[in-house]
Amino acid sequence: MQSVCVMGLGYIGLPTGSFLATKGYRVYGVDVRADVVASINEGRLPIVEPDLDILLKSAVNSGNLTAALEPQAADVFILAVPTPFLADGSDTPTPDLSYVEAATGAIAPVLAAGNLVILESTSPVGTTERVADFIGRERPDLLGREGLKVHVAHCPERVLPGRILLELVENDRVVGGVDPESTDRAVEFYREFVRGEVLGTDCRSAELSKLVENAFRDVNIAFANELSMVCESVGINVWDVIRLANRHPRVSVLQPGAGVGGHCIAVDPWFIVSSAPEITPLIRTARSVNDGKSRWVLERILERASRFREPKIACLGLAFKPDIDDLRQSPALEIARGLIAVHGERVMCVEPNLESFDGLPLTPLSDALQQADIVAVLVAHRPFRELDAALLEEKVLIDAAGVFRV
Ligand code: SAJ
């Protein structure tokens, strides 16, 4: 069985490494954070994801998964590090490839001829070729007459947080190498453990196909968000309108919400825009509609609050989507912070997926509901979906997440 070195033990690298270890691969997990490494070696999960705790424990107990700060020699290297954009304030954000570069730099000294390097991080077009070029520069001894003696491919991760373990195995995968041999090697590797189809292509097509998936979703959510604001302005229930329109056999409108968050859909469309800024008005506009939706929700809550002398406001949900604990680029958190900036301690934040959160006190759901004049439902977490609507009868309700469909 091959050995695999996984660079980055976050939402993608950790489930992938744990899964491969339970399938018998010898997995070396690498992360720059000492606390993450320690927690994994103790079999403790540093993130929230259904069933991953059990998988991690069995991976660690089998002896097939060990975590460390530095990589070591292996047959396959998987790069699963963040690819955010630079917060440089420009109106077209620039992709930040520093984590990919750092991970490639870290594995370069331990690479050997015949190894397979796979970039799983969602990346702008051209990144996989940059990884191969970088390896060639760092390790000229691995450059033969035929080119690089290491195979390099892109296989973008496609898993949905909350369903990672299932989707890791069941989803079809797109694999594109820097040359046909790299594609074949990587396709072969994924076919060993993926039940979905593994589709071979070139690395640039693989990179763009992943960006297209997330940009497609962003544009469609923007449509739903714009529609929700139109409906509000003309006094129509948006949830009813979408339900009715979706009865058409070729229409499938997505759900409006408090905005689009997370580290994927709110980021990846910019990788397309930044590569062709002059010809991407639609993708750019979708981003601004979705970002604008959070501000619109905040303004609506503030407007309702202005009718009270000392309003108590309950924010239900802080995460970027239902039933997870991930607060990265969360519209709900941004809205809660905007409310706190105006109403301070009168704002109560409820986040059932977190025990505590730095700098923002959390209030139990029942306490918040009891005290609040205004209830803003920002995320459709399960405990909120199970609420008895009668509890809210006396409250001003702003349901951005569509839990009560009002
Ligand atoms: N959202 C809406 N309305 C909807 C659907 C989603 O407002 O109808 C919001 C969510 O509340 C959230 C955001 O969009 O704030 C994104 O949530 P999501 O569940 O659609 O997607 P992510 O970001 O968790 O994961 C996406 C997935 N991509 C697609 O569905 C095309 C996942 O498969 C990718 O692997 C992941 O991005 C990634 O890592 O790129």
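Each residue is numbered by its place in its chain's sequence as written, counting from 1. Restriction of local features to residues with pLDDT of at least 70 applies here, the model being predicted, together with a cutoff of 80 or more for giving and counting side-chain atom pairs; totals for whole chains, interfaces and linings are based on all residues. Side-chain measures were taken over the full set of non-hydrogen atoms in the model, leaving aside hydrogen atoms and water.

A. Representation of the site of the ligand. If you check the shell around the ligand, you find 20 residues, and the closest are E157, V159, K210, Q255 and F320. As used in this structure description, the phrase polar contact means that two N or O atoms lie within 3.5 Å; if the pair is within protein, one of them must be able to donate a hydrogen and the other to accept it, and residues adjacent in sequence are counted only when both atoms belong to side chains. Within the side chain of E157, an N or O atom sits 2.4 Å from an oxygen atom of the ligand. Taking V159, its main chain carries an N or O atom lying 2.7 Å from an oxygen atom of the ligand. Methods summary: accessible areas were calculated by the Shrake-Rupley approach with a probe of 1.4 Å, and residue burial reflects only the protein chains presented. For the ligand, the accessible surface in isolation is 770 Å², of which the surrounding protein chains cover 86%. Only DSSP runs of H or I with at least four residues qualify as helices, and only runs of E with at least two residues qualify as strands; both kinds are numbered from the N terminus onward. Element by element, the count of residues in the shell around the ligand is highest for helix α8 (residues 203-234), at five residues. We call Asp, Glu, Lys and Arg charged. Ala, Val, Leu, Ile, Met, Phe, Trp, Tyr, Cys and Pro are nonpolar, and the rest, Gly among them, are polar. The residue makeup of the shell around the ligand, split by class, is nine nonpolar, four polar and seven charged. Any residue with a heavy atom lying within 4 Å of a molecule or strand is counted as near it.

B. Molecular detail of the domain arrangement of the protein chain. Domain parsing of the protein chain yields domain 1 (3-211) and domain 2 (234-262 + 308-399). Taken together, the contacts link six residues of domain 1 with six residues of domain 2. By convention, the term buried area covers the 1.4 Å-probe accessible surface removed from two parts as they join, with the contributions of both added. Each partner contributes to the roughly 480 Å² buried at the junction of domain 1 and domain 2, and carbon and sulfur atoms together form 53% of this total. Contact with domain 2 buries area across many residues of domain 1, yet Y11, V48 and P161 alone supply 77% of it, more than any other trio. Put simply, a salt bridge is a Lys or Arg side-chain nitrogen that is within 4 Å of an Asp or Glu carboxyl oxygen. Seen at the junction of domain 1 and domain 2, the total is zero salt bridges. For the domain bounds, the source is a domain assignment made automatically or taken from a database. Note on contacts: a residue pair is in contact if any heavy atoms of the two residues lie within 4.5 Å.

C. Inspection of the packing of aromatic side chains at higher detail. Pairing of aromatic side chains requires ring centres within 6.5 Å, counting the rings of Phe and Tyr and the six-membered ring of Trp. Pairs whose planes differ by under 30 degrees are stacked, by over 60 edge-to-face, and all others tilted. The final tally for this structure, using the stated rule, is six aromatic pairs. Between Y190 and F193, the aromatic rings sit 5.5 Å apart at their centres with planes inclined by 50°, giving tilted as the arrangement. Accessibility assignment for this pair places Y190 and F193 in one class, buried. Summary of the burial criterion: residues with accessible area below 20% of their type's maximum are buried, those above 50% are exposed, and those between are partly exposed, where the area comes from a 1.4 Å probe applied to protein chains only.

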